Amino acid sequence: MKVLILFGPPGSGKGTQANKILEKYPSCIYISTGDILRENIKQNTYLGKLAQNYISQGLLVPDEIINSMIENKIKNINDNIDFLILDGYPRSTNQLEFLLNLIPYKDIKVIYLKIDLKDVINRIVYRRVCPKCNKIYHLLYNKPQSNETCDNCNTKLIQREDDREEIVTNRYKVYLNQTLPILDKIKQLDIKFIEIPADKDINEIFNNINEFIKN
Ligand code: AP5
């Protein structure tokens, strides 16, 4: 199975680009660890209760929980898909090593969306999401057609609880300390990799991503 990893700090546009990739390649499968955790919090599951403590502080949920969640998802995927998109995983050295035991490195491509903290804050504070279909908006750059309701399903948009500025700053620090270092490992392993400045227009970024997918 081919795997496309969307890698980058909070607010770099991983979810936004994943949606565009899915529009273009509808037969690929999309796994966002953040979406799965939020769904579990909404359903008040055991996993959701556990994850809530970490997410509300902007910390990573422990590796063993995330790895077993990913393993369960991946083993149920049919090999005939175009490719699997992973958004928000791996996020630590341990998670990368775990993934490499499931998927050979030659079948992996990594897209690194690079952006600074000041842009991240601006992105996230104005982000709104649809709690029903997970579509992502920005109140300045990527607005819904009518006031704060989803274009797809007309549901009232919400702000994520972990999108408060002080939590975002913490998420960015956690990203710098625990997630960014795995890029060195990715480069050492000769995994196919592209770095894209994420402060460009959404469609321009997608065009770069699409070229990388095709090659
Ligand atoms: P998760 O949900 O994965 O959050 P994240 O990685 O912090 O990323 P975001 O969803 O905040 O941002 P994004 O890059 O998807 O940007 P978006 O496209 O929305 O994780 C949440 C939490 O869950 C973590 O903190 C952790 O606790 C836990 N967790 C998840 N995975 C884990 C793991 N593997 N291990 C351990 N814990 C884990 O865009 C942001 C905004 O910008 C939007 O408003 C959008 O409209 C706008 N925008 C996007 N692109 C552009 C552009 N080019 N120009 C202008 N605006 C843009």
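Predicted model only: the values in this text are computed from it and were never measured.

K.L.:
Any details on the pattern of salt bridges? Residues and values, ideally.
P.N.:
Enumeration over the complete set of coordinates arrives at 12 salt bridges. Measuring nitrogen to oxygen at the nearest pair gives 2.9 Å for the salt bridge that ties Arg 38 to Asp 35. Remark: Asp 35 and Arg 38 occur in helix 2 (residues 33–42); sequence separation between them is 3 residues, near one turn of the helix. Relative accessible area serves as the criterion here: at 22%, Asp 35 is assigned to the partly exposed category. A salt bridge links Lys 118 to Asp 119, with the shortest nitrogen-to-oxygen separation between them at 3.6 Å. Residue classification places Asp 119 among the partly exposed residues on the basis of a relative accessible area of 23%. Put simply, Arg 127, Arg 160, Asp 162, Asp 163 and Arg 171 are held in one network by salt bridges that share partners.

K.L.:
Residue-level account of the environment of Leu 180, with values.
P.N.:
With respect to the helices and strands, Leu 180 occurs in the loop between helix 7 (165–179) and helix 8 (182–188). Counting along the chain gives 97 residues from Leu 180 to Phe 83, while the straight-line C-alpha distance between them is 24 Å. The contact partners of Leu 180, leaving out residues within four places of it in the chain, are Phe 7, Tyr 112 and Tyr 175.

K.L.:
Which residues make up unusual backbone geometry, and what values do they have?
P.N.:
Backbone torsion omega between Tyr 89 and Pro 90 reads 0°, so that peptide bond is classified as cis. Relative to the elements of secondary structure, Pro 90 occurs in the loop between strand 3 (84–87) and helix 5 (93–102).

K.L.:
Could you give me a rundown of the packing of aromatic side chains, with the residues and numbers involved?
P.N.:
For the structure on display, the rule yields 5 aromatic pairs. Plain terms: the ring middles of Tyr 172 and Tyr 175 are 6.0 Å apart, the flat faces sit at 45° to each other, and that makes the pair tilted. One end of the pair is Tyr 172 and the other is Tyr 175, both in helix 7 and 3 residues apart, which spans about a single turn. Judged by relative accessible area, which is 5%, Tyr 175 ranks as buried. Three or more aromatic residues joined by ring pairs make a cluster, and in this case those are Phe 7, Tyr 112, Tyr 172, Tyr 175 and Phe 193.

K.L.:
So what about the sheet that holds strand 7 (residues 192–197)? Which residues, and what values?
P.N.:
For sheets, the rule is that strands pair by backbone hydrogen bonds, running either parallel or antiparallel. Taken together, the 5 strands give an open sheet; going across it, the order is 2-3-1-4-7, and neighbouring strands pair in parallel fashion. The sheet terminates laterally at strand 2 (29–32) and strand 7, the two strands that pair on one side only. The sheet shows a mean angle of 15° between the axes of neighbouring strands, taken without regard to direction. Of the strand pairs in this sheet, strand 4 (residues 108–114) and strand 7 are connected by 6 bridges, and their pairing is parallel. Across the sheet, Val 110 pairs through a bridge with Phe 193, a residue of strand 7.

K.L.:
Please set out the site of the ligand residue by residue, giving values where relevant.
P.N.:
In the vicinity of the ligand, 36 residues are found, and the nearest of them are Thr 16, Leu 59, Arg 91, Arg 127 and Arg 171. One nitrogen or oxygen atom from the main chain of Leu 59 is found 2.6 Å from an oxygen atom belonging to the ligand. Note that an oxygen atom of the ligand is positioned 2.6 Å from one of the side-chain N or O atoms of Arg 127. Looking at the shell around the ligand, the elements that each hand over two or more residues are helix 1 (14–24), helix 2, helix 6 (117–125), strand 6 (136–138) and helix 9 (202–214). Top element by residues in the shell around the ligand is helix 2. It accounts for 4 residues. Taken together, the residues of the shell around the ligand sort by class into 16 nonpolar, 11 polar and 9 charged.

K.L.:
Tell me about the nonpolar core, and name the residues and values.
P.N.:
Taken as a class, soluble globular proteins show a tendency for nonpolar side chains to be buried jointly. In terms of nonpolar packing, the biggest core is built from 31 residues, with Ile 5, Phe 7, Leu 37, Leu 84, Leu 86, Leu 99 and Ile 108 touching the most fellow members. If you list the elements that add at least two residues to this core, you get strand 1 (3–7), helix 2, helix 3 (46–55), helix 4 (63–75), strand 3, helix 5, strand 4 and helix 8. The element that contributes the greatest number of residues to this core is helix 4, accounting for 5 residues. If we ignore the near neighbours within four places in the chain, the residues touching Ile 5 are Leu 86, Tyr 89, Pro 90, Leu 99, Ile 108, Lys 109, Val 110 and Ile 111.

K.L.:
Lay out the packing of helix 4 against helix 5 in plain terms, naming residues and giving numbers.
P.N.:
One way to put it is that helix 4 packs onto helix 5 with a least axis distance of 10 Å and a crossing angle of 25°. One way to sum up the angle between helix 4 and helix 5 is to call them roughly parallel. The interaxial crossing formed by helix 4 with helix 5 has right-handed handedness. Packed against helix 4, whose contacting residues are Asp 63, Ile 66, Asn 67, Ile 70, Glu 71 and Ile 74, the element helix 5 presents Asn 94, Gln 95, Phe 98, Leu 99 and Leu 102 at the interface.

Reading the values: rules and limits
Position numbers for residues count from 1 along each chain, tracking the sequence in the order it is written. Two thresholds apply to this predicted model, a pLDDT of at least 70 for residue-level local features and 80 or more for giving and counting side-chain atom pairs, whereas whole-chain, interface and lining totals are computed over all residues. As a rule here, side-chain values cover all heavy atoms of the structure and leave hydrogens and water aside. Any Lys or Arg side-chain nitrogen located within 4 Å of an Asp or Glu carboxyl oxygen qualifies as a salt bridge. Per the convention used, a helix needs a DSSP run of H or I reaching at least four residues, while a strand needs a run of E reaching at least two, with both numbered from the N terminus. Each residue gets one of three labels from its accessible area relative to the maximum for its type: buried under 20%, exposed over 50%, partly exposed in between, using a 1.4 Å probe on protein chains only. Contacts are residue-level and defined by heavy atoms, with any inter-residue pair within 4.5 Å sufficient. To pair, rings of Phe, Tyr and Trp, with the six-membered ring standing in for Trp, must have centres within 6.5 Å; the planes then decide the type, stacked if under 30 degrees apart, edge-to-face if over 60, and tilted in the middle. Between any two strands, pairing holds if DSSP finds at least two bridges. To obtain each axis, a line is fitted to C-alpha atoms, and for helices this fit is confined to the stretch in contact; angles are then taken between N-to-C directions over 0 to 180 degrees. In this text, near means that some heavy atom of the residue lies within 4 Å of the molecule or strand in question. Pairs of N or O atoms are called polar contacts if they sit within 3.5 Å, as long as, within protein, a hydrogen donor faces a hydrogen acceptor (for residues adjacent in sequence, only side-chain-to-side-chain pairs). Charged means Asp, Glu, Lys or Arg here, nonpolar means Ala, Val, Leu, Ile, Met, Phe, Trp, Tyr, Cys or Pro, and polar covers whatever is left, Gly included. What makes a nonpolar core is a set of buried Ala, Val, Leu, Ile, Met, Phe, Trp, Tyr and Cys residues whose side-chain atoms join them at distances within 4.5 Å. Any angle that is under 35 degrees is reported as roughly parallel, and any over 145 degrees as roughly antiparallel; angles of 65 to 115 degrees are reported as roughly perpendicular and all others as oblique. Handedness of each helix crossing follows the sense of rotation of the near helix against the far helix: counterclockwise by less than a right angle gives left-handed, clockwise gives right-handed.

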